[in-house]
2 protein chains.
Amino acid sequence: MTGSLVIVGLGPGPGHWIAPEASAALEAASDVVGYQPYLDRVTERAGQRRHGSDNRVEIRRARHALVMAAEGRRVAVVSGGDPGVFAMAAVIFEAIEVGEPCWRALDVTVIPGISAMQAAAARLGAPLGQDFCAISLSDNLKAWDVVERRLRAAADGDFVIALFNPASKARPEKIHQAFRLLRGCKAATIPVAFARAIGWPDERIVLTTLGEADPAIADMSTLILIGSSETRFVDRPRGSPWLLTPRTYGAGR
Amino acid sequence: MTGSLVIVGLGPGPGHWIAPEASAALEAASDVVGYQPYLDRVTERAGQRRHGSDNRVEIRRARHALVMAAEGRRVAVVSGGDPGVFAMAAVIFEAIEVGEPCWRALDVTVIPGISAMQAAAARLGAPLGQDFCAISLSDNLKAWDVVERRLRAAADGDFVIALFNPASKARPEKIHQAFRLLRGCKAATIPVAFARAIGWPDERIVLTTLGEADPAIADMSTLILIGSSETRFVDRPRGSPWLLTPRTYGAGR
């Protein structure tokens with residue numbers, strides 16, 4: 001079997017965040033597979049086949065990519081952000097786990113990318129300067145009580161919390177439930193940032209506090225960062241304040 | 001004031017993980033500041049001044065960079081991995097917070113990079129496919145009881161756990177304490193990976209379980225990943241198994 005499958009992270013937003021290793025893998029691929037808006041971000045190369053698909057058919061897309069790789073093609077599956085963080089890498093290995101035994105012999109590589117959490121943090125200052133956790137609010141694949149258990153644990157540990165997939169049209173009330181829970185266990189003054197579409201022309205950042213945040217402004221392109229008890233704003237004369245979680249913990253108490 | 005300061009993530013290991021935005025910022029800088037081994041990874045450019053320093057003088061390095069930026073220089077501070085994750089971004093904003101008032105008017109930009117956690121995850125398969133947290137085991141700047149509180153919370157939430165800075169010569173027993181604590185709250189069969197120097201010629205990966213892991217093999221170049229109750233090995237005919245935390249939670253129970 002001479003085919004291969006590479007799972008490539010495009011980063012969030014524009015091309016200047018794509019690692020050279022990722023660009024080289026896309027250039028070398030015979031077939032590029034992915035959600036159509038991600039494919040549209042990849043420069044077209046003569047002779048390369050493209051297989052765009054809808055966002056909701058991730059497992060079918062993974063199986064299609066694996067079938068082509070098993071036929072000897074050099075397949076690249078594109079993912080937004082980092083394929084390892086709530087994205088296509090898990091989908092591919094889930095498909096391998098329950099799929100054709102020969103797929104386990106394939107040459108499969110994951111190329112990391114910058115996640116939306118990191119791009120948002122960079123825009124904001126240094127909100128992830130201390131221990132943090134990342135939680136997806138989607139309850140498509142896990143029960144909502146698992147989400148609540150993790151939000152509570154994250155508050156107990158006083159982690160900075162990054163919320164991925166905060167809102168969906170099918171379940172608009174979930175983000176409100178999450179904020180109600182967090183308001184019950186964290187101070188109202190804790191800084192919160194809504195970072196939407198970082199790197200794109202319609203990028204929008206809203207800085208607020210846990211007590212004053214309006215969770216309804218989050219959509220599926222929004223990454224929400226909720227501070228620890230140490231996170232604070234650093235004011236500046238022009239522009240929004242920076243957000244800082246210092247490395248030192250408990251110094252002021 | 002026309003100076004600027006850009007905090008640049010080099011990613012872990014080789015140049016093929018450095019984002020084009022980071023390379024462009026380094027090319028444009030009049031002065032490059034950083035820990036000497038990171039500076040050595042940056043291509044020299046004629047006319048550019050370099051300011052290498054020791055690893056232990058982070059705040060002094062930050063202040064030096066800010067002073068030069070305030071003098072009108074275009075300063076780049078380099079950081080391994082992602083400057084936002086346990087790295088130089090927090091140091092710079094801490095220095096601004098307590099430093100010269102004019103520093104708050106400076107043009108300060110953070111350019112994200114791929115963190116060691118993500119490079120390790122990519123090599124291993126998809127261990128971060130579900131909710132995870134990142135904890136630094138260093139107790140230089142926070143009390144050890146904060147580390148223990150966070151380890152316990154991470155176990156309570158059944159997060160995948162990424163441990164940064166797992167070992168130091170000054171405190172070799174801390175990593176053993178952390179493993180003892182985690183063994184008290186998580187199953188012995190949970191997969192654990194030690195990922196050392198990912199991307200470098202001396203890269204080394206050890207796959208084991210929480211019950212069988214020998215924490216003594218971790219050094220300061222090691223990133224440790226500890227699975228959730230759902231994390232598992234996916235065997236393959238040649239090579240080490242992949243590590244997978246599936247997106248679906250609780251399906252088998």
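Preceding block: the structure.
Scope of this entry: the structure provided in the associated data block. Remember, predicted model here, so these are calculated numbers, not experimental data. (Residues numbered from 1 in each chain as written. Chains lettered and ligands numbered in written order. Predicted model: local features only at pLDDT ≥ 70, side-chain atom pairs only at ≥ 80, totals over all residues. Heavy atoms only, no water.)

Thoughts on helix α6 (residues 144-156) of chain B
Put simply, the rule reads: Runs of H or I in DSSP of at least four residues are treated as helices and runs of E of at least two as strands, each being numbered from the N terminus. Multiply 1.5 Å by the residue count of a helix minus one, and that product is the helix's expected span.
Compared with an ideal rise of 1.5 Å per residue, which puts 13 residues at 18 Å, α6(B) spans 18 Å between its outermost C-alpha atoms and is within 8% of the ideal. Of the residues flanking the end of α6(B), it is D158(B), one or two places downstream, whose phi is positive at about 55°.

Quick look at the sheet that holds strand β7 (residues 132-136) of chain A
Spelled out, the test is: Any two strands with at least two DSSP-identified bridges between them are counted as paired. Orientation is described by lines fitted to C-alpha atoms, with helices fitted over the stretch in contact, and by angles between N-to-C directions that extend from 0 to 180 degrees.
With mixed pairing, the 10 strands of this open sheet are ordered in space as β10(A)-β9(A)-β11(A)-β8(A)-β7(A)-β7(B)-β8(B)-β11(B)-β9(B)-β10(B). Strands at the two margins of the open sheet, each flanked by one partner only, are β10 (204-209) of chain A together with β10 (204-209) of chain B. The average undirected angle you get between the axes of adjacent strands in this sheet is 15°. For strand β7 (residues 132-136) of chain B and strand β8 (residues 160-164) of chain B, the ladder comprises 5 bridges, and the chain directions are parallel.

Observations concerning the relation of the copies chain B and chain A
To keep things clear, this is the line we draw: The copies are overlaid by a least-squares fit using only the C-alpha atoms of residues whose pLDDT is at least 70 in both copies. Pairs of residues are marked as contacts when any of their non-hydrogen atoms sit within 4.5 Å.
Under the fitted operation, chain B is carried onto chain A by 0.0 Å of movement along the axis and a turn of 180°, and the coordinates agree to an RMSD of 0.0 Å. Within this description, the copies of the chain are treated as partners about a two-fold rotation axis. Measuring from the rotation axis to each C-alpha of chain B, the shortest distance belongs to C133(B), at 1.9 Å. In this assembly, 100% of the residues forming the interface of chain B have copies in chain A that are likewise at the interface, indicating an isologous arrangement.

Focus: the interface of chain B and chain A
In many reports, interface size means the accessible area that the parts give up when they come together. For the record, the criterion: A 1.4 Å probe defines the accessible area here, and the buried area is the portion of it lost by two parts on being joined, summed over both. Any Lys or Arg side-chain nitrogen located within 4 Å of an Asp or Glu carboxyl oxygen qualifies as a salt bridge. Nitrogen and oxygen atoms within 3.5 Å of one another constitute a polar contact, given that in protein one can donate a hydrogen and the other can accept it, and given that sequence-neighbouring residues count only through two side-chain atoms.
Counting from both sides, the interface comprises 70 residues of chain B and, opposite them, 70 residues of chain A. A combined buried area of about 6,200 Å² lies between chain B and chain A, and 57% of that area is made up of carbon and sulfur atoms. Counting across the interface, chain B meets chain A through 10 salt bridges. Of the charged contacts in the structure, one is a salt bridge between E58(B) and R247(A), with a shortest N-O distance of 2.8 Å. Counting across the chain B and chain A interface gives 37 residue pairs in polar contact (both at pLDDT 80 or more).

Concerning the packing of aromatic side chains
To describe a pair of aromatic rings, you give the distance between the ring centres and the angle between the ring planes. We apply this condition: Classification of ring pairs rests on two measures: the distance between centres of Phe, Tyr or Trp rings, Trp counted by its six-membered ring, which must be within 6.5 Å, and the angle between planes, read as stacked under 30 degrees, edge-to-face over 60 and tilted in between. Each residue is placed in one exposure class: buried if its accessible area under a 1.4 Å probe, protein chains only, is under 20% of its type's maximum, exposed if it is over 50%, and partly exposed if it falls in between. We count a charge as sitting over a ring when the NZ of a lysine or the CZ of an arginine lies within 6 Å of the ring centre and within 35 degrees of the ring normal.
Scanning all chains against the criterion turns up 10 aromatic pairs over all chains. Considering the side-chain rings of W242(A) and F93(B), the 5.0 Å spacing of their centres and the 55° angle between planes classify their relative orientation as tilted. Taken together, the residues span two chains, with W242(A) in strand β13 (residues 242-244) and F93(B) in helix α4 (residues 88-98). Like F93(B), W242(A) is buried. Residues F86(B) and F164(B) carry aromatic rings whose centres are separated by 4.8 Å and whose planes lie at 55° to one another, so their mutual orientation is tilted. Taken together, the residues F86(B) in the loop between β4 (74-79) and α4 and F164(B) in strand β8 connect sequence positions 78 residues apart. For F164(B), a relative accessible area of 9% corresponds to the buried category. Stacked on the ring of F159(B), the Lys or Arg R150(A) has its end atom at 5.7 Å from the ring centre.

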